[in-house]
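# Fold and geometry: a report
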Amino acid sequence: MSQAPNLHSAGNLSPDTVVVSAGRPPREPDAPVNPPIVLSSTFHGTGTPAPGDRVYGRFSNPTWDPFETALSELEGAALPALVFSSGLAAVSAALSLVPAGGILVMPQHSYQGSLLLAAEEAANGRFTVRTVDIADTEQVQAALRGSDAGSDAGSGDGTRPADMLWIESPTNPMLEVAEIDVLARAAHDAGALVVADNTFSTPLVTRPLELGADVVLHSVTKYLAGHSDVILGALATSDEDLRRRLHNHRSLHGAIAGPFEVWLALRGLRTLALRIERSQATAGLLADRLLGHPAVEAVRYPGLPGDAGYERAVKQMNGFGSILCIEVAGGAEAAEAVAAHVRLWLPATSLGGVESLIERRRRQPGEPHSVPENLLRLSVGIENAEDLWSDLSSALAR
Ligand SMILES: *Cc1c(COP(=O)(O)O)cnc(C)c1O
């Protein structure tokens, strides 16, 4: 029953068309234009299963295929992506590619859950973590080569070359921009794999595989699904062996996605280009207005010409993303007060949904202490920009 998904792929379309057209069922009379949700834990079959047979719902599901095809097309991956039950499940599968006793180089401002999981693996003795400032290319290159740089959490392995480079760009929540192509070359020279968490950018803004990454990762929970109503993750790669190992990890560790959630993610993906266009434009406008606001000590946004990541962002990104951070004058309390007094912005963690969210990151006990106490992360949604501004500026004026 080795049935190819038979999904529409017209090639050479713009990404803003691909989000709408990819993963459609075949054009047949009376066939649906949207893929159906298939609720079946098992699939008909006799004899020895051939590669690609569905067999059982922990290995594959027809509702995953359209989303996996669409995401791989957007990321420019040669093979279908792999959807997971959460972004962290995808992080866990990707970290399984670090060999036992190996070395992982990771941004000090990676997503909190990724840092915590890597630290746990290090504490269990599975591998060593070297944390770096991912925007400091020379420091990362040195950490990859194994000369004495970065901080080793664990044994004194400072002289061995690394096995994996983890990239986030822009980082969460400091919005540092990594020089992805240069870092990927340095990692490969050192014999390390490159995993890029592309959650903040989405493939419409950054395409890490084209810049040399081996595996691209998403918390689908965020922009791809886009409506704050599912938890999902995904990985994409063009390397057959890596994909086989990641698929094997998903099947054996069992972190599989429910068909309904994946169907919702594909539905959300259809409007990704419009959502990003709108939220990026608003983020840029808000960043400009917040710069120099008397209640704001600093604005972090790679789209501001004075931002440390600006030049790199111009080269490597298509736009500057829809997240910005501000440091509020008056410290943690003043920042909390802003989050408490907005009426339209929602005070909540997470990001990438249609609704605008605001959060003081350090309220989370696991957040690195290098993140300022008074930093608010703003995930800009698709509401009217002036409504967002007037709500935020009234809260800042209090
Ligand atoms: C949210 C997030 C994750 C984790 O994803 P979940 O879907 O919450 O498990 C990983 N990386 C980044 C950058 C994120 O923002």
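Quick notes on the rules
- Residues numbered from 1 in each chain as written.
- Predicted model: local features only at pLDDT ≥ 70, side-chain atom pairs only at ≥ 80, totals over all residues.
- Heavy atoms only, no water.
- pLDDT = per-residue confidence, 0-100.
- Contact = heavy atoms within 4.5 Å.
- Salt bridge = Lys/Arg side-chain N within 4 Å of Asp/Glu carboxyl O.
- Helix = DSSP H or I, 4+ residues; strand = E, 2+ residues; numbered from the N terminus.
- Buried < 20%, exposed > 50% of the residue type's maximum accessible area, 1.4 Å probe, protein only.
- Pairing = 2+ DSSP bridges.
- Axes fitted to C-alpha atoms, helices over the stretch in contact; angles between N-to-C directions.
- Core = buried A, V, L, I, M, F, W, Y, C linked by side-chain atoms within 4.5 Å.
- Parallel < 35°, antiparallel > 145°, perpendicular 65-115°, else oblique.
- Left-handed = near helix turned anticlockwise from the far one by under 90°.
- Nonpolar A, V, L, I, M, F, W, Y, C, P; charged D, E, K, R; others polar.

Now for the confidence of the model for the protein chain. Scored by pLDDT, the protein chain has a mean of 94; 95% of the residues are at 70 or more. Here residues 1-9 is a poorly scored stretch, pLDDT under 50, and it has 19 contacts once near neighbours within four places are set aside; other chains count.

Let us look at the pattern of salt bridges. Applying the stated criterion to the full structure yields 15 salt bridges. For Arg 289, the salt bridge goes to Glu 386, with nearest N and O atoms at 2.8 Å. Highlighted residues: Arg 289 in helix 9 (residues 272-290) and Glu 386 in helix 12 (residues 385-397), separated in sequence by 97 residues. For Glu 386, a relative accessible area of 41% translates into the label partly exposed. With its nearest N and O atoms 3.5 Å apart, the salt bridge here joins Arg 377 to Glu 359. Residue Arg 377 is located in strand 13 (residues 375-379), and its partner Glu 359 is located in strand 12 (residues 357-360); the two are separated by 18 residues in the primary sequence. Accessibility assignment for this pair places Arg 377 and Glu 359 in one class, buried.

Within the open sheet, the 5 strands sit side by side as 9-10-13-12-11. Their pairing is mixed. The sheet is open, and its two borders are formed by strand 9 (296-300) and strand 11 (346-347), each paired with just one other strand. One ladder, built from 5 bridges, connects strand 10 (residues 323-328) with strand 13; its direction is antiparallel. Opposite Glu 327, over in strand 13, you have Leu 375 as the bridge partner. Sheet contacts for helix 9: strand 9, strand 10 and strand 13; angle to strand 10, the most-contacted strand, approximately 20 degrees.

Phe 67, Val 220, Leu 232, Leu 269 and Leu 272 are the most contacted members of the largest nonpolar core, which totals 43 residues. Every element with two or more residues in this core is listed here: helix 1 (15-21), helix 2 (64-75), strand 8 (233-237), helix 8 (259-269), helix 9 and strand 10.

Turning next to the packing of helix 5 (residues 137-145) against helix 6 (residues 180-189). Interhelical geometry of helix 5 versus helix 6 gives an angle of 15 degrees and a closest axis separation of 9 Å. By the angle between their directions, the pair helix 5 and helix 6 is classed as roughly parallel. In this structure, helix 5 crosses over helix 6, and the sense of that crossing is right-handed. Touching Thr 137, Val 140, Gln 141 and Leu 144 of helix 5 are Val 182, Leu 183, Ala 186 and Ala 187, all from helix 6. Tallied by class, the residues present in the contact of helix 5 with helix 6 amount to 6 nonpolar, 2 polar and no charged.

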